[in-house]
Each structure stands twice: as C-alpha cells, then as structure tokens.
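In case you want the letters, here they are:
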Amino acid sequence: MSSLHFDERVAIVTGAGNGLGRSHALELARRGARVVVNDLGGSLHGDGQSTDAAQAVVDEITAFGGTAVANRDSVATEEGGRAIVQTALDEFGRLDVLVNNAGILRDKAFHKMDGAMIDAVIDVHLKGTLFVTQPAFRAMREAGYGRIVNTSSASGLFGNFGQANYGAAKAGIAGLTRVLALEGAAYGIVANAIAPIAATRMTAGLLGDLTAHVTPEGVSPVVAFLAHEDCPVSGAVYSVAGGRVAKIFVGETSGAILEELTAEAVRDQLSQIEDQSTYHEPTSLDMATAIIARALS
Ligand code: NAI
C-alpha cells in the first residue's frame, strides 16, 4: 500500500507548542505538509503568553528539513481565529488541513465553579474551535477541498467529575463536527474529531499506570489519516489512545410507542425505551426525524 503524503498541502495545528498539538504538527510536517504552528504559549490554566513554544516546534520541523511557520495568536477570539488562518494564506497561499487542538483546563466541582472558569474554558475550546474553523471553512469551501480534525474528549462524551465547563465544550465540539461534515460535504470538506488520551502536562499525575502506554505520538497518526485526502469518513469521532483506535457513535434505541403517554407509562416501559438490542445511528437531524416519522406511521 502507498504511504500517505501531504506534499503541496498546508496545515494549521492550533495549540501546537506542547503535547498532542506538537506531535500532530511534527507528524504532518514529516509527511510533507507545510505547517502553521499556532500556540500562544500560556500555562495549562490559560494564563500568560510566550513566543517560545510555537517557535521551538518550528525549529524542530526545520531541523529535519520540513517547512513551518510560528503563529502566536489566541484561538479564543474572532480576530485571533482570522489571523491564524490568514497566516497560512499569507505564508503558503492556501489551506488544506485544520487541526483544532488548543486547550486549557479550569477544573472544579460544578457547585464551586465561577463564571470566569466557565468563560475561559468555553472561549478556548468551543468558541476557539468555531473562531478558527469559520475563516478556514470559508477558504476551504472556495477551494473545493478541506480536512478538519477537531479535538473532543471522553470527558464531554461520557462525563467526568469536575469538568462541567470542559465537558460541555468538548461535547459541543463533537456536535459542531457533525454539522461541519454536513455543510462541507458538497465542497470537498471532510470533518472528523478525536477523543484522545495521552500523557501531557494536561494529564500529569492523572493517568496512573496508563501513563507509559499513552504518548502523544500514539495519537497523531490517526490525525494524519483524518487530515489526508484519502480519508473516506466525515462526521465521525474516534477514541484514540496508545495505539487503540475505536469509533464513538451516537445511537438511538428503537424505543417504545406509548399508546397513552403519561408519566406512569414512561415509568412502566422504561426498560423497553432503554433497550439497546436494536438501535439506529442517525447521521443528521433529517435522518433522525425520518426514523421517528416511520415509527409513528
Ligand atoms: P497541553 O497543555 O500539553 O497543550 C495544549 C496547548 O494549547 C498548549 O501548548 C497551550 O499553550 C495551547 N493553548 C492554550 N490556549 C490557547 C489559545 N487560546 N490559543 C492558542 N493556543 C492555546 O495539552 P494536551 O494534552 O496536548 O491537549 C491538547 C488537546 O487535547 C486539548 O484540546 C485537550 O483538551 C485535548 N485532550 C487531551 C487529553 C489528554 O489525555 N492529554 C484528553 C482529551 C482531550
């Protein structure tokens, strides 16, 4: 089988100064992509700013003969998103791949979480993904080609104590990915997401025995595949950790038709409502409503 190259392709990786983003940027650059290495160089909690993180990864890429440019704008503002995309267009004249990866944490039990903690995390993850993707999507739509890889999380898709802000943002990113897949389909744009687990500063001290088995490099090949022209899927979310790759999907049970819909009938037929022995996996709202219409007819 032929190997997957990115010659002539231009990629943006946000939050690429550390951890997973750095690894994604190196993987794409090694495969021939010209890469915009975005990172505002802040702390894990989103404080501060430095020019070093992005430039250090650019230096790593140029050291092995790759091509990359640093960008230090924040994903968390509309102007920042526009500037990141403009960097790719100004420096390389095109944009083929966007990997939305930048992230911070502000964990706290929900009853103690303040508004600033909610804003900071929603701004970087959910609004940040929207702010960078929109100008990128417009450029890709015009070019008739694009690959978008978003970063969701098991925290949002399955739930995690202390991460109401982060989980809400990460579930939102999964929903956004499905909408982008639908809106991009006619324009050669493919959008997918990963829910990774990797030992980085974000997970320091949290992964226990798993730490040694889950490196960022154990995630990036999946990003490279999803970012490649050959990727045949769109709107999917993959769980990726340490060489294990699995599909996460949204299903709906066949459900129950309640002759007389009362609170008591719901209680009494809960097991049939919840029965997962048959289920549908709609890939759009249209498909979901068609399934309901069929069941009711
Ligand atoms: P990390 O902290 O090592 O890297 C995140 C990078 O994003 C940092 O270099 C930081 O400076 C940058 N960043 C933060 N705010 C930014 C902003 N406003 N604009 C531009 N850059 C910004 O974290 P890690 O673990 O590499 O996380 C990468 C992504 O993967 C995040 O979206 C995270 O939520 C997600 N993720 C990570 C998991 C893990 O196990 N490490 C698990 C699930 C999701």
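Rules used throughout
Residues numbered from 1 in each chain as written. Predicted model: local features only at pLDDT ≥ 70, side-chain atom pairs only at ≥ 80, totals over all residues. Heavy atoms only, no water. Domains from an automatic or database assignment. Axes fitted to C-alpha atoms, helices over the stretch in contact; angles between N-to-C directions. Helix = DSSP H or I, 4+ residues; strand = E, 2+ residues; numbered from the N terminus. Parallel < 35°, antiparallel > 145°, perpendicular 65-115°, else oblique. Left-handed = near helix turned anticlockwise from the far one by under 90°. Contact = heavy atoms within 4.5 Å. Buried < 20%, exposed > 50% of the residue type's maximum accessible area, 1.4 Å probe, protein only. 1 Å grid on protein atoms, 1.4 Å probe; cavity = no way out; pocket = protein on both sides within 12 Å on 5 of 7 lines; lining within 4 Å. Points joined across faces, edges and corners; volume = space filled by probe spheres on them. Nonpolar A, V, L, I, M, F, W, Y, C, P; charged D, E, K, R; others polar.

For the chain, the assigned domains are domain 1 (10–248) and domain 2 (252–296). Placing the centre of domain 1 and that of domain 2 at their C-alpha centroids yields a distance of 35 Å.

Here helix α1 (residues 19–30) crosses helix α7 (residues 220–227) at 55°, and the two axes come no closer than 9 Å. It follows that α1 is oblique to α7 by the angle criterion. Crossing hand, α1 versus α7: right-handed. Between α1 and α7, the contacting residues are L20, S23, H24, E27 and L28 on the first element and S220, P221, V223, A224 and A227 on the second.

Next up on the list: unusual backbone geometry. Despite not being glycine, E8 has its phi angle at roughly 75°, a positive value. Mapped onto the elements of the fold, E8 is located in the segment before β1 (10–13). Looking at E8, the relative accessible area reads 56%, which means it is exposed.

What follows deals with the layout of surface pockets. Once rolled over the atoms, a probe with the size of a water molecule shows which space is left empty. For the largest pocket, the calculated volume is near 890 Å³. Looking at the largest pocket, it is lined by 44 residues, and the ones nearest its centre are G103, L105, H125, Y166 and M202. Counting residues per element, the ones that place at least two in the lining of the largest pocket are α1, α4 (115–143), α5 (154–158) and α6 (164–184). Take the lining of the largest pocket: its biggest share by element is 3 residues, from α1. For the lining of the largest pocket, the class distribution of residues is 18 nonpolar, 21 polar and 5 charged. Lining the second largest pocket are 21 residues, and of these R178, G235, A236, V237 and E281 lie nearest its centre. Put simply, the parts of the chain that give the lining of the second largest pocket at least two residues each are α5, α6, β6 (189–196) and β8 (244–248). If you tally residues by element for the lining of the second largest pocket, the top one is α6, at 5 residues. Its residues placed into classes, the lining of the second largest pocket shows 14 nonpolar, 4 polar and 3 charged.

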